[in-house]
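One letter stands for each residue in the lines below.
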Amino acid sequence: MQMKLTVHGGAGEIGGNKILLEDGDARIWLDMGLPFGFGEQYFVNYLGPRDRFGLRDYLEFDLVPPIKGLYSKESLKETTFPYSAPGFSGVLLSHAHFDHSSMLGYVDKDIPVHLGECTRTILEAWAATSSRADLGEHDYRTFRSKRRIKLDGVEAIPVHVDHSVPAAYGYILHAPSGTAVYTGDLRRHGPHAEMTAEFIDAARAAKPDVLICEGTRVDPADTRAPYSEKDVKNLSIEEVKKVKGRLAIVTFYPRDVDRMRTFHEVAHATGRDFVLSAKAAYLLRSLEKDGRIKVPRVKSDGGLLVYLRRLARSIPWEEELRDELSDRIVGAEYVKKHQGELLLQLDFTHFTELIDIEPKRGSIFIHSMSEPFEEGDIEDEVKDRWLDHFGLVEHQLHASGHLSRKELESMVKEIGAKKLVPIHTDRPEMFKDFASGVIVPEKGKTISI
Ligand SMILES: [Zn+2]
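These numbers were taken from a predicted model, which means no experiment stands behind them. (Residues numbered from 1 in each chain as written. Predicted model: local features only at pLDDT ≥ 70, side-chain atom pairs only at ≥ 80, totals over all residues. Heavy atoms only, no water.)

All right, on to the overall build of the protein then. In terms of regular secondary structure, the protein is built from 13 helices and 20 strands. For the protein, the C-alpha radius of gyration of 22 Å lies close to 22 Å, the compact-globule estimate for 449 residues. With respect to the principal axes defined by its C-alpha atoms, the protein has extents near 70 × 50 × 45 Å. Going through the 449 residues of the protein one by one, you find that 56% of them count as buried. The long-range fraction of contacts in the protein, counting pairs at least 24 apart against all pairs at least 6 apart in sequence, stands at 68%. Taken together, the 61 basic and 71 acidic charged side chains of the protein have centroids lying 3 Å from each other. (Helix = DSSP H or I, 4+ residues; strand = E, 2+ residues; numbered from the N terminus. Rg over C-alpha atoms; globule rule 2.2 N^0.38 Å. Buried < 20%, exposed > 50% of the residue type's maximum accessible area, 1.4 Å probe, protein only. Contact = heavy atoms within 4.5 Å. Lys, Arg positive; Asp, Glu negative; His and termini not counted. Charge placed at Lys NZ, Arg CZ, Asp CG, Glu CD.)

Below, the structure is given as structure tokens:
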């Protein structure tokens with residue numbers, strides 16, 4: 001017997017993780033993500049895929065791999081690819097980010113999906129508040145850290161890690177012919193560094209034959225500031241203090257609950273109320289009801305308000321928020337009148353609200369997410385034009401969700417696996433600078449371990 005790995009997504013690219021591990025009777029998927037910019041080689045602006053035809057338009061251009069026994073009847077109905085009965089032991093999700101989970105919508109509902117309890121809550125909150133998200137129906141099996149999961153002769157142990165979304169896990173997989181470790185996405189400079197340390201300890205103790213390792217920041221030429229979550233908080237406090245009487249605006253990733261907590265603290269330290277976006281408020285309410293992790297309590301914590309846009313048609317989940325949080329709901333008029341008292345979360349896609357808010361010139365905009373990867377990013381140029389138009393001063397203050405090059409090196413050494421398969425990086429060959437036994441994966445090509 002031999003362990004085989006096939007990287008169907010995440011080979012030489014950041015995101016889109018879908019890795020098939022086969023050993024004996026077990027056929028296990030590590031994550032089920034779609035890459036960032038999925039399909040943009042063929043679809044642009046109003047030329048979009050016909051989602052009503054399931055995978056038809058995606059299979060035409062090999063945008064998803066043609067894999068027997070993975071896809072649902074529904075998603076193959078309009079394609080020439082024949083449906084086959086489910087042929088996999090299960091999907092193990094590492095965390096709720098788009099690039100690790102969003103292909104679930106096409107997966108056969110009879111393939112069990114193992115995921116953290118809060119990961120499920122986050123995915124469901126996302127599906128409820130996004131018109132584009134459709135995760136389909138699944139046989140969800142939730143776990144907590146270190147629960148042993150049996151899958152056709154393989155024992156999989158999820159161990160929590162710190163990442164830019166709650167409920168993130170790495171996996172230790174004891175298979176008949178060896179042991180594999182999968183890192184998922186992880187960092188050591190976040191508020192829960194001890195969880196990542198625990199994962200690395202458990203991984204080392206398992207004496208793995210192969211480490212399937214994320215490498216988002218493996219390139220030493222990565223010049224982005226290596227801030228920690230604490231740095232983001234302290235530097236933001238400094239900047240917000242400087243703009244007395246004017247508005248402070250922040251934008252960050254929609255599922256980054258740590259960042260919500262950070263900016264709630266920034267608002268508190270600068271004597272402002274933190275105005276959450278409706279989606280962020282909905283996610284926090286869901287996690288609060290779930291009760292497993294500590295999150296800001298939208299309904300009862302001091303200094304929290306929720307921004308609802310004026311829409312032509314009411315959206316049921318937003319109305320639900322309005323009813324539930326009536327005295328905490330604000331809109332553009334309120335923000336316009338109380339600029340010096342507020343820290344407003346505003347996503348790029350909702351920038352049109354600025355027209356109604358009329359921020360005073362010299363107000364600040366904190367960009368608390370990754371800088372664009374390329375020069376001349378169109379979205380970035382549009383953002384700059386808006387900031388310029390409203391006289392907003394931008395600050396780039398972000399703590400990454402990923403290990404730095406140095407931290408990657410020390411983790412790889414500490415775990416000491418015989419072989420290493422780099423994924424979730426556009427520079428996989430760079431692992432050869434500091435690790436032995438590196439196998440650079442090629443998309444869809446099977447590697448024997
Ligand atoms: Zn991630």
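Before going further, it helps to examine the domain arrangement of the protein. Here the protein is described as being made up of domain 1 (4-220 + 401-448) and domain 2 (229-396). The C-alpha centroid of domain 2 is placed 30 Å from the C-alpha centroid of domain 1. Each partner contributes residues to the interface: domain 1 has 22 residues there, and domain 2 has 15 residues. Of the roughly 1,600 Å² buried at the junction of domain 1 and domain 2 (both faces included), carbon and sulfur atoms supply 61%. Our count for the contact surface shared by domain 1 and domain 2 stands at 3 salt bridges. The salt bridge partner of Glu-229 is Arg-187, with a shortest N-O separation of 3.9 Å. Where domain 1 touches domain 2, the interface holds 5 residue pairs in polar contact (both at pLDDT 80 or more). For the side of domain 1 that touches domain 2, the element with the most residues is helix α4 (residues 117-129), which contributes 8 residues. For the side of domain 1 that touches domain 2, a count of residues per class yields 10 nonpolar, 8 polar and 4 charged. (Domains from an automatic or database assignment. Buried area = accessible area lost by both parts, 1.4 Å probe. Salt bridge = Lys/Arg side-chain N within 4 Å of Asp/Glu carboxyl O. Polar contact = N/O pair within 3.5 Å; in protein donor to acceptor, adjacent residues only side chain to side chain. Nonpolar A, V, L, I, M, F, W, Y, C, P; charged D, E, K, R; others polar.)

Strands in a sheet are paired, the pairing made by backbone hydrogen bonds, and the direction either parallel or antiparallel. Taken together, the 7 strands give an open sheet; going across it, the order is β15-β14-β13-β16-β12-β17-β18, and neighbouring strands pair in parallel fashion. The open sheet terminates on both sides in strands that have one partner only, identified here as β15 (329-330) and β18 (393-396). Strand direction decides the pairing type here: strand β17 (residues 364-367) and β18, joined by 4 bridges, are parallel. For Ile-364, the partnering residue across the bridge sits in β18 and is Val-393. Seen against the sheet, helix α7 (residues 257-269) touches β12 (248-251), β13 (273-277), β14 (304-307), β16 (342-345) and β17 and runs at an angle of roughly 150 degrees to β13. (Pairing = 2+ DSSP bridges. Axes fitted to C-alpha atoms, helices over the stretch in contact; angles between N-to-C directions.)

Ordered by their spatial adjacency, 6 strands build an open sheet running β7-β8-β9-β10-β11-β19, and the pairing between neighbours is mixed. In this open sheet, the two strands that pair with only one neighbour each are β7 (149-151) and β19 (419-423). Ignoring which end each strand starts from, the neighbouring axes of this sheet average 20 degrees apart. Where β7 and strand β8 (residues 154-161) come together, 3 bridges link them in antiparallel fashion. Paired with Leu-151 across the two strands is Val-154, which belongs to β8. Taken strand by strand, helix α13 (residues 405-415) contacts β11 (210-214) and β19, and its axis lies near 165 degrees from that of β11.

A word on the coordination of the zinc ion. At 2.2 to 2.4 Å from the zinc ion lie its protein donor atoms, namely His-95 (NE2), His-97 (ND1), His-163 (NE2) and Asp-185 (OD). Of note is the zinc ion, whose 4 donor atoms meet at the metal with angles of 89 to 172 degrees in an arrangement that counts as irregular. Of note, the zinc ion draws all its donor residues from one chain, in the sequence arrangement H-x1-H-x65-H-x21-D. Of this pair, His-97 sits in the loop between β4 (90-92) and α3 (98-101) while Asp-185 sits in the loop between β10 (178-182) and α5 (193-205), and the two are 88 residues apart along the sequence. A relative accessible area of 2% places Asp-185 in the buried class. (Donors = N, O, S within 2.8 Å, 3.2 Å for Na, K, Ca; no water. Tetrahedral: all angles 85-135°; square planar, octahedral: opposite > 155°, others 65-115°.)

This paragraph deals with the environment of Ala-11. Relative to the helices and strands, Ala-11 resides in the loop between β1 (4-9) and β2 (18-23). Placed 228 residues apart in sequence, Ala-11 and Glu-239 show a C-alpha to C-alpha distance of 39 Å.

What the rule picks out here adds up to 37 salt bridges. In this structure, the salt-bridge partner of Arg-148 is Glu-155, at a minimum N-O distance of 2.8 Å. Look at Arg-148 and you get exposed, because its relative accessible area is 54%. A relative accessible area of 15% means that Glu-155 is categorised as buried. Through salt bridges with shared partners, a single ionic network connects Asp-162, Arg-187, Glu-229, Asp-256, Asp-258, Arg-259 and Arg-261.

Moving on, we get to the packing of aromatic side chains. Pairs of aromatic rings are described using the distance from one ring centre to the other and the angle between the two planes. Counted according to the given criterion, the structure contains 15 aromatic pairs. Arranged with centres 6.0 Å apart and planes meeting at 55 degrees, the rings of Tyr-58 and Tyr-106 form a pair that is tilted. Residue Tyr-58 is located in helix α1 (residues 56-60), and its partner Tyr-106 is located in the loop between α3 and β5 (113-116); the two are separated by 48 residues in the primary sequence. A single burial state applies to Tyr-58 and to Tyr-106, both of which are buried. Taken together, the aromatic side chains of Phe-348, Phe-351, Phe-365, Trp-386 and Phe-390 make up a single cluster linked through ring pairs. The ring of Trp-126 carries the charged tip of Arg-255 above its face, separated from the ring centre by 4.3 Å. (Phe/Tyr/Trp six-rings, centres within 6.5 Å; stacked < 30°, edge-to-face > 60°. Lys NZ or Arg CZ within 6 Å of the ring centre and 35° of its normal.)

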